[in-house]
Amino acid sequence: MKIWLDGALRDAGTAQVSVLDHGLTVGDGVFETVKTVDGRAFALTRHLDRLARSARGLGLPEPDLDEVRRACAAVLAAEPVPLGRLRITYTGGLSPLGSDRGDDTPTLVVALGEAHPRPETTAVVTVDWTRNERGALSGLKTTSYAENVVALARAREQGATEALFANTVGALCEGTGSNVFVVLDGEIHTPPVSSGCLAGITRALTAEWTGARETELPMDVLERADEIFLTSSLRDVQGVHRVDGRTLAVAPGPVTAKAIRIFAERSAADIDP
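What counts, and at which threshold
Residues numbered from 1 in each chain as written. Predicted model: local features only at pLDDT ≥ 70, side-chain atom pairs only at ≥ 80, totals over all residues. Heavy atoms only, no water. Patch = residues over 30% accessible without salt bridge, like charges linked within 9 Å, V, L, I, M, F, W, Y side chains within 5 Å. Areas by Shrake-Rupley, 256 points an atom, 1.4 Å probe, with all protein chains shown as cover. Salt bridge = Lys/Arg side-chain N within 4 Å of Asp/Glu carboxyl O. Lys, Arg positive; Asp, Glu negative; His and termini not counted. Charge placed at Lys NZ, Arg CZ, Asp CG, Glu CD. Helix = DSSP H or I, 4+ residues; strand = E, 2+ residues; numbered from the N terminus. Core = buried A, V, L, I, M, F, W, Y, C linked by side-chain atoms within 4.5 Å. Buried < 20%, exposed > 50% of the residue type's maximum accessible area, 1.4 Å probe, protein only. Contact = heavy atoms within 4.5 Å. Pairing = 2+ DSSP bridges. Axes fitted to C-alpha atoms, helices over the stretch in contact; angles between N-to-C directions. Parallel < 35°, antiparallel > 145°, perpendicular 65-115°, else oblique. Left-handed = near helix turned anticlockwise from the far one by under 90°. Nonpolar A, V, L, I, M, F, W, Y, C, P; charged D, E, K, R; others polar.

Together, Arg-85, Arg-87, Arg-118 and Arg-156 line one region of the surface with positive charge. Note on placement: Arg-118 falls in the loop between β6 (107–114) and β7 (121–131).

The next point concerns the nonpolar core. Formed by 24 residues in total, the largest nonpolar core has its most connected members in Leu-86, Ile-88 and Val-110. Looking at this core, the elements with two or more residues in it are β3 (29–37), α2 (44–58), α3 (65–78), β5 (83–91) and β6. With six residues, α3 is the largest single contributor of residues to this core. Apart from the residues within four sequence positions on either side, Leu-86 is in contact with Glu-32, Thr-33, Val-34, Thr-36, Ala-41, Cys-72, Val-75, Leu-76, Val-110, Ala-111 and Leu-112. Within the second largest apolar cluster, 16 residues are counted, among which are Leu-172, Leu-217, Leu-222 and Val-240.

A word on the sheet that holds strand β1 (residues 2–5). The six strands lie next to each other as β2-β1-β6-β5-β3-β4, forming an open sheet whose pairing is antiparallel. Looking along the sheet, the strands with just one partner apiece sit at the ends: β2 (8–11) and β4 (40–41). Here α2 sits on the sheet and contacts β3, β4 and β5; the angle it forms with β3, its principal contact strand, is near 175 degrees. Strands in contact with α3 are β1, β2, β3, β4, β5 and β6; relative to β6, the strand with the most contacts, it is inclined by about 30 degrees.

This next bit is on the environment of Thr-256. Mapped onto the elements of the fold, Thr-256 is located in helix α6 (residues 254–269). In this structure the C-alpha to C-alpha distance between Thr-256 and Asp-270, which are 14 residues apart in sequence, comes to 21 Å. If sequence neighbours within four positions are ignored, Thr-256 has contacts with Glu-227, Ile-228, Phe-229 and Gly-239.

Turning our eyes to something else, we now look at a nonpolar patch on the surface. Residues Val-19, Leu-20, Leu-24, Leu-94 and Leu-97 make up a contiguous nonpolar surface patch of roughly 510 Å² in combined accessible area. Tracing the chain through its elements places Val-19 in the loop between β2 and α1 (22–25). Since its relative accessible area comes to 61%, Val-19 is described here as exposed.

Right, let's talk about unusual backbone geometry for a bit. Most peptide bonds take the trans configuration, and most residues that are not glycine carry a negative phi. Geometrically, the link from Ala-251 to Pro-252 is a cis peptide bond, its omega value of -5 degrees lying close to zero. Tracing the chain through its elements places Pro-252 in the loop between β15 (246–247) and α6. A positive phi angle, near 50 degrees, is found at Asp-244, a position not held by glycine. Locating Asp-244 in the fold gives a position in the loop between β14 (236–243) and β15.

Axis separation between α2 and helix α5 (residues 201–210) bottoms out at 10 Å; the angle between their running directions is 125 degrees. Taken as axis vectors, α2 and α5 run oblique relative to one another. Taken as a pair, α2 and α5 cross one another with a handedness that is right-handed. Mapping the contact onto sequence places Arg-46, His-47 and Arg-50 in α2 and Ile-201, Ala-204, Leu-205 and Glu-208 in α5. Looking at side-chain class alone, the contact of α2 with α5 contains three nonpolar, one polar and three charged residues.

This part covers the pairing of β1. Two strands pair when backbone bridges link them, and β1 and β2 are joined in this way by four bridges, in the antiparallel orientation. Opposite Leu-5, over in β2, you have Ala-8 as the bridge partner. In this structure, the hairpin formed by β1 and β2 is closed by a connection of two residues, where Asp-6 is found at a positive phi of approximately 50 degrees. Across two bridges, β1 lies against β6 in antiparallel orientation. Each bridged residue has a counterpart across the sheet, and for Trp-4 the counterpart in β6 is Val-110.

Encoded structure:
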């Protein structure tokens, strides 16, 4: 595996980040996960725009997006795979031990791993932990992911691949690494960004291409929705056949199946929508 680290391609065995990097010591960093198809990155412009927004929100220096593009191109050329996960990580760089940042330049890492198509449907669970829609990191894609690790482990214990969070006022928010959509009386709804959810790239494209509405939704909507589906860079659009103890009668339902088809067609027609 070839990895881009601070200006150059390196072998995985020699690509080393300092133990004093702020991304390691306190999770001071942002990242993007980009789907790649036959060596081409999907929706890269949208991902880089969000990387910059997350960096600004965290108070990091603005990333050089031209350099990030060069890094992505170099890694993709070095490691072509039919379906891949391109990971772009941008951290606070060398810093003192503690929350204060140092004066060093940020660290940029780009790596590529092979991915596999997801099943058409999956099971999800809800968890008691909440997203803080008023927190400093709300809406930012940061490397502070331990909460997601814990929630996803809980989901795995229960035979599911995703855990869904409410926010602090009990509204449906998001998954550990996905956005959630529900179908009510034939209409598609998804929580607004104000709920504290990440403004997902696949979420935005799905909403645009299917006419989904942003709606504040109580958590119990999962008990009565006609259909439920998830979106993320590597899931694309994935139906839900079970949520907690509830098994949906048909999954993917007709509205979800149409959303899956639309997303597949539109994304195949334009690599950078």
